[in-house]
Every structure is written in C-alpha cells, then in structure tokens.
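# Chain and residue survey
Each chain, written out:
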Amino acid sequence: MKLKSRHLLGLEGMTKEELRLILDTAVSFREILDRPIKKVPPLQGKTVVNLFFESSTRTRISFELAERRLSADVVSFSTAASSVSKGETLKDTARNIEAMKIDMVVIRHAAPGSAHFLSRVVDANVINAGDGGHEHPTQGLLDMYTLREKFGSLEGLRVCIVGDITHSRVARSNIYGLTTMGAKVSVCGPETLIPREIERLGVKVYHHLEDVIPEVDVLNVLRIQLERQKSGLFPSLREYHRFFGVTKEKVSRAPKPITIMHPGPINRDVELSADLADGEHSVILQQVTNGVAVRMAVLYLLGT
Ligand code: CP
C-alpha cells in the first residue's frame with residue numbers, strides 16, 4: 001500500500017488505512033532509534049531542504065535527525081540568514097532552491113495554506129511542518145503514535161485537547177487524525193478560544209476542566225500562546241491558570257490516572273503544572289522521541 005498523495009500537507013481527508021500505514025512504518029524506525037548505529041540507507045542520494053520561516057526547536061531538529069538517519073543530504077534554511085529578509089517571495093525562494101535539483105521540501109510558515117501553495121509551484125515532495133493555525137500533521141501523527149504505543153489502540157480512546165483550540169494547528173491535526181482512527185475526541189477551553197461549530201468535526205466541547213477530567217483517558221494540553229494575551233482573548237495568565245491550568249490537584253479527582261501530553265514548548269505552571277509535566281503519567285518526552293520515528297516514516301513513504 002502507498003499514500004495517495006506525494007505530499008503530506010495535512011491529516012484532513014487521510015484515510016484510516018493511510019494513517020495506519022504511517023504509524024506501522026514508524027514502529028520499525030522507532031526500533032532503529034534504540035540501536036547503537038541509527039543510520040539506514042533508504043534516502044541515500046536524495047536531497048531534503050528544510051525551509052523554516054518560523055521558529056522551531058523540536059520539529060526542526062526532529063526532521064533534520066530523521067533525514068540524516070535515512071542517509072539523505074540535508075540543507076536547512078533560516079529566514080534571518082536568507083534573501084527572504086530582502087523581500088524575496090516564497091514562490092521565488094522555493095523555485096530557486098528547486099533549481100538546485102532537490103527532492104523533498106519540509107516547510108514551516110506562519111501563513112495557513114503555505115505548504116499547499118508550495119506543492120503547486122515545485123516538483124519536489126512537500127511536507128508541512130506547521131502552516132499558521134491550519135495543520136501540523138507530523139505533530140498529530142507523533143501524538144497518535146505515542147497514544148497507540150501506550151494504549152495499544154486508538155479506537156474508543158477518550159482524548160481531550162485543552163487550551164487555545166482556535167489558533168492551534170496541533171489541535172486541528174489531532175482532531176482529524178484521532179477521529180478518523182476512532183478515538184473519542186473532546187476540546188476544553190474558554191469560549192473565546194474555541195471555534196464556533198467545531199462540533200462539526202466530531203468533537204465534544206467542554207468549558208470546565210472539572211467536567212472533562214472524570215470523562216477522559218488523556219489530556220493533550222496546548223501551549224497558551226502568550227503573544228495572544230494582548231488581544232484580550234483571556235483576562236490574565238493567572239486567571240487562565242486558575243480555570244484551565246492542568247494541575248495535580250485537578251487531575252487527582254479522576255477515577256484513574258490521566259495520561260498527560262503537551263506538544264511543547266511548555267509554559268510551566270501556566271497551562272500545565274511542572275509536577276505533572278515531569279510526572280509518572282506524562283508522555284511528553286516519549287512524544288519527542290517518537291517524533292523522529294514518525295518523521296522518518298513520512299520521509300520514507302514519500303521519498304522512496
Ligand atoms: N511541537 C512543536 O511544533 O514544537 P516547535 O515549535 O519547537 O517545533
């Protein structure tokens with residue numbers, strides 16, 4: 001079986017079989033990461049360019065490691081050190097890079113739809129590493145991988161995504177992927193941070209953590225985007241923490257332990273208490289490790 005598209009632009013519209021193919025392929029690559037020699041040859045002779053127009057720690061390092069472990073030649077691009085700062089358009093940047101005979105492009109950009117746009121103007125395979133508030137498909141996949149690894153199956157798993165759903169590409173990719181795989185997905189946050197009619201995506205909406213905690217197996221806690229604090233979408237960080245901060249005291253009211261996820265970077269003791277982030281039910285660092293395996297799987301499936 002192969003993926004239908006030669007690009008990975010989002011999880012919306014992907015079938016259960018395609019998602020399962022990526023997750024199953026990632027299992028073999030995850031095993032490689034525990035070997036003393038972590039390099040395998042599938043992308044030997046291929047060139048991958050990482051175009052990061054927005055800041056990133058985890059995704060950028062994870063993609064670079066995944067590419068190098070598959071033996072690809074890797075070039076990474078930072079906006080500040082490029083001709084983008086001289087006014088060059090995304091289309092011109094991409095077409096000039098492609099003229100150097102590259103095979104795959106990984107792009108992170110603040111504009112929703114930028115990865116789709118790129119896929120229409122270059123011949124290389126395009127992988128979306130986060131396009132504005134739209135999608136972050138490899139984050140969705142690594143979250144699904146981590147949950148499947150822990151629980152064995154995603155079918156019927158009760159996952160609540162907590163925080164700023166409106167501006168979150170992580171939330172969107174998780175919702176598309178998890179609902180397709182049969183999980184029961186909910187979202188929880190202030191009314192100002194939850195899009196209207198999100199129920200159409202097959203999710204339940206909560207506005208009080210105390211209502212959701214007894215009902216779920218997993219809380220996937222999103223970063224509160226401090227840069228949006230000025231726009232009045234929530235009164236203050238203190239208030240946000242009081243009502244939507246996930247703390248040990250709040251989750252202790254659950255009938256059984258809740259698995260804690262976070263895509264990073266964490267604002268400790270704002271959206272998630274430090275003791276829970278580092279606690280025994282946190283899978284946050286497993287998410288990061290699994291991210292490399294999932295990205296290896298995506299690069300392998302698209303590039304070979
Ligand atoms: N999870 C995530 O996308 O983190 P970065 O912004 O550090 O890549």
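Quantities reported herein were computed from a predicted structural model and do not represent experimental measurements.

Before going further, it helps to examine the overall build of the protein. For the protein, the count of helices and strands is eleven helices and nine strands. For 304 residues, the compact-globule formula gives about 19 Å, and the C-alpha radius of gyration of the protein, at 19 Å, lands near that figure. Seen along its three principal axes, the alpha-carbon backbone of the protein occupies a region of about 55 × 45 × 35 Å. Residue pairs in contact within the protein that sit at least 24 positions apart in sequence constitute 72% of those at least 6 positions apart. Carbon together with sulfur atoms contributes 51% to the accessible area of the protein, which is approximately 13,700 Å² in total. In the protein, the 40 positive side-chain charges and the 36 negative ones have mean positions that sit 3 Å from each other.

For the protein, the domain assignment lists domain 1 (16-134 + 288-303) and domain 2 (137-283). Between the C-alpha centres of domain 1 and domain 2 there is a distance of 26 Å. Buried area between domain 1 and domain 2, summed over both chains or domains, comes out near 2,000 Å², and the portion from carbon and sulfur atoms is 59%. The interface formed by domain 1 and domain 2 includes three salt bridges. For the salt bridge of glutamate 54 with arginine 169, the shortest nitrogen-to-oxygen distance reads 3.1 Å. Every element with two or more residues in the side of domain 1 that touches domain 2 is listed here: helix H1 (16-32), helix H2 (58-69), strand S3 (104-109), strand S4 (125-131) and helix H11 (284-303). For the side of domain 1 that touches domain 2, the element with the highest residue contribution is H1, accounting for nine residues. Looking at the side of domain 1 that touches domain 2 residue by residue, the classes come out as nine nonpolar, eight polar and nine charged.

Looking now at the sheet that holds strand S7 (residues 204-206). Across the sheet, which stays open at both edges, the five strands sit in the order S7-S6-S5-S8-S9 with parallel pairing between neighbours. Every other strand in the sheet has two partners, leaving S7 and strand S9 (259-261) as the edge strands with one partner each. Each neighbouring strand pair of the sheet contributes to a mean axis angle of 25°, computed without reference to strand direction. Alignment of strand S5 (residues 158-162) against strand S8 (residues 218-221), held across four bridges, turns out to be parallel. Residue pairing in the sheet places valine 162 in a bridge with valine 221 of S8.

The next thing to look at is the site of the ligand. If you check the shell around the ligand, you find Ser56, Thr57, Arg58, Thr59, Arg108, His136, Gln139, Pro263 and Gly264 and nothing else. Within the side chain of serine 56, an N or O atom sits 2.6 Å from an oxygen atom of the ligand. Proline 263 is positioned with one of its backbone polar atoms (N or O) 2.8 Å from a nitrogen atom of the ligand. Against a free-state accessible area of 260 Å², the protein chains account for coverage of 90% of the ligand. Because more than half of its atoms lie within 2 Å of the grid, the ligand is assigned to the largest pocket. Residue classes in the shell around the ligand are distributed as one nonpolar, six polar and two charged. In this structure, the shell around the ligand is formed jointly by two domains, domain 1 (16-134 + 288-303) and domain 2 (137-283), each of which donates at least three residues.

A few words on the pattern of salt bridges. On inspection of all chains with the given rule, the structure shows eleven salt bridges. Between glutamate 155 and lysine 16 there is a salt bridge, and its shortest N-O distance comes to 3.5 Å. Pair noted here: glutamate 155 is in the loop between helix H5 (137-151) and S5 and lysine 16 is in helix H1, with a separation of 139 residues, a long-range link. According to the relative accessible area criterion, glutamate 155 is exposed, its value standing at 52%. Owing to a relative accessible area of 26%, lysine 16 belongs among the partly exposed residues under this scheme. Arginine 200 is the partner of glutamate 197 in a salt bridge, and the nearest nitrogen-oxygen pair spans 2.5 Å. Given a relative accessible area of 48%, glutamate 197 falls into the partly exposed group.

So, on to the layout of surface pockets. Its boundaries defined by the atoms lining it, the largest pocket holds a volume of some 540 Å³. The wall of the largest pocket is formed by 25 residues, among which Arg108, Arg169, Arg223, Gly264 and Pro265 lie closest to the centre. Of all the elements in the fold, those that place two or more residues in the lining of the largest pocket are H2 and helix H6 (169-180). Here the residues of the lining of the largest pocket sort into five nonpolar, twelve polar and eight charged. Among the domains, domain 1 (16-134 + 288-303) and domain 2 (137-283) are the pair contributing at least three residues each to the lining of the largest pocket. The space that makes up the second largest pocket amounts to roughly 270 Å³. Lining the second largest pocket are 21 residues, and of these Arg58, His262, Ile284, Leu285 and Val288 lie nearest its centre. Of all the elements in the fold, those that place two or more residues in the lining of the second largest pocket are H2, H5 and H11.

Cut-off values and rules
Residues numbered from 1 in each chain as written. Predicted model: local features only at pLDDT ≥ 70, side-chain atom pairs only at ≥ 80, totals over all residues. Heavy atoms only, no water. Helix = DSSP H or I, 4+ residues; strand = E, 2+ residues; numbered from the N terminus. Rg over C-alpha atoms; globule rule 2.2 N^0.38 Å. Contact = heavy atoms within 4.5 Å. Areas by Shrake-Rupley, 256 points an atom, 1.4 Å probe, with all protein chains shown as cover. Lys, Arg positive; Asp, Glu negative; His and termini not counted. Charge placed at Lys NZ, Arg CZ, Asp CG, Glu CD. Domains from an automatic or database assignment. Buried area = accessible area lost by both parts, 1.4 Å probe. Salt bridge = Lys/Arg side-chain N within 4 Å of Asp/Glu carboxyl O. Nonpolar A, V, L, I, M, F, W, Y, C, P; charged D, E, K, R; others polar. Pairing = 2+ DSSP bridges. Axes fitted to C-alpha atoms, helices over the stretch in contact; angles between N-to-C directions. Near = heavy atom within 4 Å. Polar contact = N/O pair within 3.5 Å; in protein donor to acceptor, adjacent residues only side chain to side chain. 1 Å grid on protein atoms, 1.4 Å probe; cavity = no way out; pocket = protein on both sides within 12 Å on 5 of 7 lines; lining within 4 Å. Sits in = over half its atoms within 2 Å of the grid points. Buried < 20%, exposed > 50% of the residue type's maximum accessible area, 1.4 Å probe, protein only. Points joined across faces, edges and corners; volume = space filled by probe spheres on them.

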